[in-house]
Amino acid sequence: MADDIRNGATLLQGSPAWGVPAGGRQLSGRAGEVEALLQVLGGLKTAGGRAIALVGEPGIGKSALMFTAVAHARAAGVRVEAAQGQHAIAPALPGLRPLLGGHCDVRAQVAQGGAAVVAVDDLHHLAADQIPGLEQLLRATATGPLLCLLAYRQRQLSPALAAVLSRAMSAGLLEVWEVGPLSRAATRELLGERPDLDELHREGQGNPQYLRIMAADDRAIAAAGTAILGELAGLDDTALTVLQAAAVFDHAFHPELLAAALELELTETMRALDLLTGLDLVRPAEVGAKMILRHPAVGAVVYQQLGPSRRQDLHRRSADALAKLAVPIARRAHHVARSLDPNEPEHLTTLIAAARDALHTSPAVSAGYLEVALPLLREGGEHWHEARVLLAQTRLLTGDAAESRALLDALRRPVGGRPPHEGHDLTALADASRVERQLGRYTEAGAVARAGLAALADRDGATAAALHAELADCAYDLQDYAGCRQHAETAAAIARRNHDRVNEAKSLAQVSLAHLFTGDLAAADRTADSAVELVDATSDATLLTNLEALYQVGMAEGILGRLAASERHLTRGAALSRRTGQTYIRPALLMALANTQLRSGNLRHTLATLDEADRHAELDGNPAIQAVLAMVRAEVLLWQGGSTGWREVLASADRAAALADGRSTAWAVNVRCFYAELLLLTGDPARAGGLLLEAAGGVELPRITTWRQPRCYETLVRAAVAEGDRAAAEQWARLAEARVDELPSASRRGYAARARMWAHSMLGDFERARHSGLAAVADFTVGGERIEVGRTLVAVAALALDAGRTMQVDGWLDRAAALAQQCDSARLADEVAHQRARLSSVPTAPAATTAPVPPVASDARGGADPAVLSPLTGREREIARLASTGLTSAEIAGTLFLSVRTVDSHLGRIYRKLGVSNRASLTRALLGSG
């Protein structure tokens, strides 16, 4: 029978009797539930009858699942009787009462072994006198191949009906299937790809009905919410008025406030709310004595049905009621904006104040208030200039830099022959400079900020600090690090005197970056620590005033090699950007976060971050961010893919190179250097070396920051090795090592050590190459760069096999394989497999004389000298080896099923026994023990 059902006619989802959307559409995200129902239908003859209740929130898809099952049953020739709960069972199902009484074609069919389906939708509406019949129906499923499908809302069950269903469940006669929310993938299938998909999925709670309503424009809301409109049928005038007022309030409300707004008696309002609660249109709020609509989608449908005059009247009443209670302006402004009276000056004052308050918490809402108020403000009059500046700021925060620039430019032009208001203009100049930077116009941004600073009378106020911070950013973008430090230090000092923690933190992070690129590592560490302390002690609400502080702090930490801390701050910044709609900073935050995640080896997380970043970067239009994102994506795809699969890698790299073509800025140079690395990997070393030197400006790489130079020099060494140029390989390795003392993090030193490894290998000096390679492994491990650790281990293993050495190779490959699994890197896994194949082909392997090392517990060399590990217990050896791979205490705890505290205690004992002070020393001890 199951085959008959599956091979039946096309889904009859267009049946008018059931109200199912025509066209035979598949149910989005319900393949599992449909398959389960098909299996039940297919097993009726063999497994016997069953009763299944589909339970879930209104609009979740219970009825659609039932209709689908019924359509399949009918298509397969199964007899179906169906009804809805608001109708009496007997009239709607002519055969049902006889079925229960003993005389009916359906009963006869079931008695003869023929299958039948009885489906009752909206069971919660079942009349009281029909409840006994339902109980008999449930018992009848035990007598033959009868499937009883019920769909109901748990909140709306009467006590008597709930008791019957409970008894049936206890007796094993009724199965309850919870219909849950759609997954994000199913939401995309339902709504299509759109930039606000994540937000819709979250706010719509995965409910198909709510999702359609929230995704619809104003004209389509009513069509999407037809089922909700049907729930309003039969409401009396008072209940409908109360529901409309609740929709206008658009958030949790006190019944007393609703009664005051509607000028109703509280008892009358409460009776209406009791009725609406019984219908599950209104629910008690989670906190306090407030009430709330079942979901904002319900309010959207009800609100859309209001006529303009009725809507305005309810907003006016709500605003007046809230004003009498002296509630905050933010709550009143929503209603004032929708019932604005041009003859009431306080309405305009309320909107401007609300726009000012919401600027950073919800810039889109702030812009809405300003757009309502501005047409009613007299040019040059009270609030006019402030409102224009605020609107420009909202446009900047929401990512519309071009519109923000146009508004600010207009403010600086004379109006009616009169000069612009200089005081207001100066306060907006920092914003104007930021806008120019957003548009990639760094020289113009600096000019605007310098002009503002020159005209400023108060050199110790917030405006001066903001202008100095802008000049620091402009200098950084133009690689003038001395100028960047000077302006950033001035901005930090002013901010400190004015007790402005956020801007002080941002400026200190700028100072740290400037110190890094001018070689003062101690100062870079100190200032970064101070910036971190400030942002960690600052609330989210305060940080919202300048999210660039978190971006700058995260950037500085990333370059210093503090990858976990960098990811924490950048993730916090991205979350605040999403929460508030400050989209202007999101592409930069996500770009830095993706780069940090890539360096940590979190390839899956990196791709998810890149996907989100790309959506915003396309709207932002900033070529620098788009190019760097494409470059990072190419590198992620390179390591995530296997030995083949170069097409996507090259496509992303080509896009980055095209965006960088003809540009001389730092980001463009870095993109071209990465492209050179990719050319080397694809087998074109001569072109790779030439392109890198051309992009970087020659042998000393003057266009590349010190931080990136070792990686570039390593690329040049490998290109020289590939071409057999020993002199060039030695030259590039020596230059890489010359930068070591200037490097801010261990991982950067790792590139220099690996460059030396290649140079030694070219001379055939395997022992020195091994030593340099393992030093690189130690440095990359301390820096937390798991991909680089893995690829270096594979490289050392390959060099050993080239030299005919097999000792410790298996252990190196074990550790690299573990890292490939941790990072989800198919390419690294393929490289390990290739070297394993080489190792297995060696006829006699000296490594066989050594004790094998378990893959999980292997160290960088494949097993430390027993003399080093001898003071440790077995558990301590496991933890020491895992710690040397760069795993955190939490990750080690998860691997060994221990608590983090236990791991830390073991580490403390390990340090004491081995005479080391930290993880870096431990790693070096294990790596150097052979």
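Predicted model only: the values in this text are computed from it and were never measured.

Engineer: I'm lost on the packing of aromatic side chains in this one. Help?
Structural biologist: Aromatic ring pairs are described here by two measures, namely the spacing of the ring centres and the angle between the planes. Taken as a whole, this structure holds six aromatic pairs when the rule is applied. Seen in terms of ring centroids, Phe249 and Phe253 are 6.5 Å apart; in terms of plane orientation they differ by 35°. Their pairing is tilted. Both residues of the pair, Phe249 and Phe253, count as buried. Within the aromatic cluster, the residues linked to one another by ring pairs are Tyr476, Tyr481 and Phe517. When the ring centre of Trp646 is taken as origin, the NZ or CZ atom of Arg827, which lies over that ring, is 4.6 Å away.

Engineer: Would you mind going over the side chain of Arg756 with me for this structure?
Structural biologist: Secondary-structure assignment places Arg756 in helix H42 (residues 746-762). Residue class for Arg756 comes out buried when judged on its relative accessible area of 9%. A distance of 2.7 Å separates a polar atom in the side chain of Arg756 from a polar atom in the side chain of Glu730.

Engineer: Looking at this model, I keep getting lost on the environment of Tyr675. Mind explaining?
Structural biologist: As for its placement among the helices and strands, Tyr675 is situated in helix H38 (residues 666-681). Since its relative accessible area comes to 16%, Tyr675 is described here as buried. On a C-alpha basis, the gap between Tyr675 and Ala653 in space is 6.5 Å, while along the polypeptide they are 22 residues apart. Beyond its immediate stretch of four places on either side in the chain, Tyr675 contacts Ala653, Asp654, Ala657, Arg687 and Leu691.

Engineer: In this structure, what is going on with the sheet that holds strand S1 (residues 50-55)? I would like to understand it.
Structural biologist: Paired through their backbone hydrogen bonds, the strands of a sheet run either parallel or antiparallel. The five strands lie next to each other as S2-S3-S4-S1-S5, forming an open sheet whose pairing is parallel. Each edge of the open sheet is held by one strand with a lone partner, namely strand S2 (79-84) and strand S5 (175-178). Adjacent strand axes in the sheet meet at a mean angle of 15° when their direction is disregarded. With five bridges joining them, strand S3 (residues 116-121) and strand S4 (residues 146-152) adopt parallel strand pairing. Counterpart to Val118 in the pairing with S4 is Cys148. Helix-sheet contacts for helix H2 (residues 31-42) involve S1, S3, S4 and S5, and the interaxial angle to S5 is about 160°. Against the sheet, helix H4 (residues 62-75) makes contact with S1, S2, S3 and S4, and its axis sits at roughly 160° relative to S3, the strand it touches most.

Engineer: Would you mind going over the pattern of salt bridges with me for this structure?
Structural biologist: Side chains carrying opposite charge are able to pair once their charged atoms draw close together. Inspection of the entire model under this criterion finds 58 salt bridges. Put simply, Glu730 and Arg734 hold a salt bridge, and the shortest N to O gap is 3.4 Å. Within this pair, Glu730 and its partner Arg734 are both found in helix H41 (residues 726-738), separated by four residues, close to a single helical turn. Note on Glu730: relative accessible area 27%, which makes it partly exposed. The residue Arg836 makes a salt bridge to Asp810 at a minimum N-O spacing of 3.0 Å.

Engineer: Whenever I open this one, helix H16 (residues 255-262) confuses me. Can you help?
Structural biologist: One full turn of an α-helix is made of 3.6 residues, so residues set three or four places apart face in the same direction. Among the eight residues in H16, six count as buried, and that is most of the element. If you check which residues of H16 are buried, you get Pro255, Leu257, Leu258, Ala259, Ala261 and Leu262. At its buried positions, H16 is contacted by helix H15 (237-249), helix H17 (266-278), strand S7 (291-293), helix H19 (308-324) and helix H20 (329-338). Where H16 terminates, the next one or two residues include Glu263, which has phi positive at roughly 55°.

Engineer: Help me understand the environment of Leu38 in this model?
Structural biologist: Take Leu38: it is sitting in helix H2. When its relative accessible area of 9% is taken as the criterion, Leu38 is described as buried. Spatially, the C-alpha atom of Leu38 lies 7.8 Å from that of His72, the residues being 34 residues apart in sequence.

Calculation notes
By convention here, each chain's residues receive numbers from 1 onward along its written sequence. Residues qualify for local features only when their pLDDT is at least 70, as the model is predicted, and side-chain atom pairs are given and counted only at 80 or more; totals for whole chains, interfaces and linings, by contrast, use all residues. The side-chain quantities take in all heavy atoms of the structure and omit both hydrogens and water. Note on ring pairs: Phe, Tyr and Trp rings are taken, using the six-membered ring of Trp, and paired if centres are within 6.5 Å. Classes follow the plane angle, with under 30 degrees stacked, over 60 edge-to-face and the rest tilted. Per-residue accessibility, obtained with a 1.4 Å probe over protein chains only, is compared with the maximum for each type, and a residue is labelled buried under 20%, exposed over 50%, and partly exposed between these values. Charge over a ring is defined by NZ of Lys or CZ of Arg lying within 6 Å of the ring centre and within 35 degrees of the ring normal. What counts as a helix is a DSSP run of H or I of at least four residues, what counts as a strand is a run of E of at least two, and both are numbered from the N terminus. Distance and chemistry together define a polar contact, namely a pair of N or O atoms within 3.5 Å, with one atom able to donate a hydrogen and the other to accept it when in protein, and with adjacent residues in sequence counting only for side-chain atoms on both sides. We call two residues in contact whenever any of their non-hydrogen atoms come within 4.5 Å of each other. Strands qualify as paired when DSSP identifies two bridges or more between them. Convention adopted: a line fitted to C-alpha atoms gives each axis, helices being fitted over their contacting stretch, and angles between N-to-C directions are expressed from 0 to 180 degrees. Here, a salt bridge means any Lys or Arg side-chain nitrogen found within 4 Å of an Asp or Glu carboxyl oxygen.

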